Amino acid sequence: MKLVIAIIQPSRLESVKEALTEVEVFRLTVMDCQGFGRQKGQTEVYRGHEFTVNLLRKVQLQIAVNEDFVEPTIDAIVKGARSSDKGEIGDGKIFVVPMDDCIRIRTGERGPEAI
């Protein structure tokens, strides 16, 4: 079992959800978040004063998957989140971390069956 964490542009959320549906990944958690990387924020003008916004709005997806679904999930996220054929700075990141256990609260099931 793995936990796939993806940080993407908010505008790409719908296309990522569509791509995940195509590979039969239907369960995910979506959170609003802020951060910056190579983009290093952006400069804005407010009432004639220029200032830099260091933290940019992003969306974080958390998807628990069984081993068979790890690569299809990653491929779907890349397909849906990439801005163009080659991609652009700010398209996002994907992290894959091992998941020791999963418990479905309603039934008490554990492990891969609970996902």
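Coordinates for the structure precede this section.
Residues numbered from 1 in each chain as written. Predicted model: local features only at pLDDT ≥ 70, side-chain atom pairs only at ≥ 80, totals over all residues. Heavy atoms only, no water.

Enquirer: Quick one: what's the story with the overall build of the protein, residue by residue and with numbers?
Expert: Helix and strand counts for the protein stand at 2 helices and 6 strands. When the elements of the protein are put in sequence order from the N terminus, they spell out β-α-β-β-β-β-α-β. Against the 2.2 N^0.38 benchmark of 13 Å for 115 residues, the protein shows a C-alpha radius of gyration of 17 Å, more extended than a compact globule. For the protein, the spread of C-alpha atoms along the three principal axes comes to 60 × 30 × 20 Å. Residue pairs in contact within the protein that sit at least 24 positions apart in sequence constitute 71% of those at least 6 positions apart. Per element, the accessible surface of the protein, about 8000 Å² overall, is 49% carbon and sulfur. When the 16 positive and 18 negative side-chain charges of the protein are each reduced to one mean point, those points stand 5 Å apart. (Helix = DSSP H or I, 4+ residues; strand = E, 2+ residues; numbered from the N terminus. Rg over C-alpha atoms; globule rule 2.2 N^0.38 Å. Contact = heavy atoms within 4.5 Å. Areas by Shrake-Rupley, 256 points an atom, 1.4 Å probe, with all protein chains shown as cover. Lys, Arg positive; Asp, Glu negative; His and termini not counted. Charge placed at Lys NZ, Arg CZ, Asp CG, Glu CD.)

Enquirer: Tell me about the nonpolar core, and name the residues and values.
Expert: Judged by nonpolar contacts, the single largest core of 17 residues is most densely connected at Ile8, Val16, Leu20, Leu61, Ile63 and Ile77. Secondary structure elements with two or more residues in this core: strand E1 (2-8), helix H1 (13-22), strand E5 (56-65) and helix H2 (70-81). Ranked by residues supplied to this core, first place goes to H2 with 5 residues. In contact with isoleucine 77, other than residues within four places in its own chain, are Val4, Ala6, Ile8, Val16, Leu20, Ile63 and Ile94. Met1, Cys102, Ala114 and Ile115 belong to the second-largest nonpolar core, a separate cluster that totals 5 residues. (Core = buried A, V, L, I, M, F, W, Y, C linked by side-chain atoms within 4.5 Å. Buried < 20%, exposed > 50% of the residue type's maximum accessible area, 1.4 Å probe, protein only.)

Enquirer: Explain H2 to me, using residue names and the numbers behind them.
Expert: Compared with an ideal rise of 1.5 Å per residue, which puts 12 residues at 16 Å, H2 spans 16 Å between its outermost C-alpha atoms and is within 8% of the ideal. Every buried residue of H2 is accounted for by Val70, Thr73, Ile74, Ala76, Ile77, Gly80 and Ala81. Axial view of H2: buried residues confined to an arc of 165°, hence all on one face. Of the surrounding secondary structure, the elements contacted by the buried residues of H2 are E1, H1, E5 and strand E6 (92-98). (Expected span 1.5 Å × (residues − 1). Arc of directions from axis to C-beta.)

Enquirer: A description of unusual backbone geometry should follow, citing residues and the corresponding values.
Expert: The phi dihedral of glutamate 24 falls on the positive side, at around 65°, and the residue is not glycine. Structurally, glutamate 24 can be placed in the loop between H1 and strand E2 (29-35). Exposure remark for glutamate 24: the relative accessible area of 56% places this residue in the exposed category.

Enquirer: Account for the layout of surface pockets, with residues named and values stated.
Expert: If a probe as big as a water molecule is rolled over the atoms, it shows which places are left empty. Size it by volume and the largest pocket reaches roughly 350 Å³. The wall of the largest pocket is formed by 17 residues, among which Gly37, Arg38, Gly90, Gly92 and Lys93 lie closest to the centre. With 3 residues, the top contributor of residues to the lining of the largest pocket is E2. When grouped by side-chain class, the residues that make up the lining of the largest pocket number 5 nonpolar, 7 polar and 5 charged. There is about 160 Å³ of room inside the second largest pocket. Lining of the second largest pocket is provided by Glu24, Val25, Phe26, Arg27, Ile63, Ala64, Val65, Asn66, Phe69, Pro112 and Ile115. (1 Å grid on protein atoms, 1.4 Å probe; cavity = no way out; pocket = protein on both sides within 12 Å on 5 of 7 lines; lining within 4 Å. Points joined across faces, edges and corners; volume = space filled by probe spheres on them. Nonpolar A, V, L, I, M, F, W, Y, C, P; charged D, E, K, R; others polar.)

Everything listed here is a matter of geometry and, on its own, says nothing about what the molecule does.
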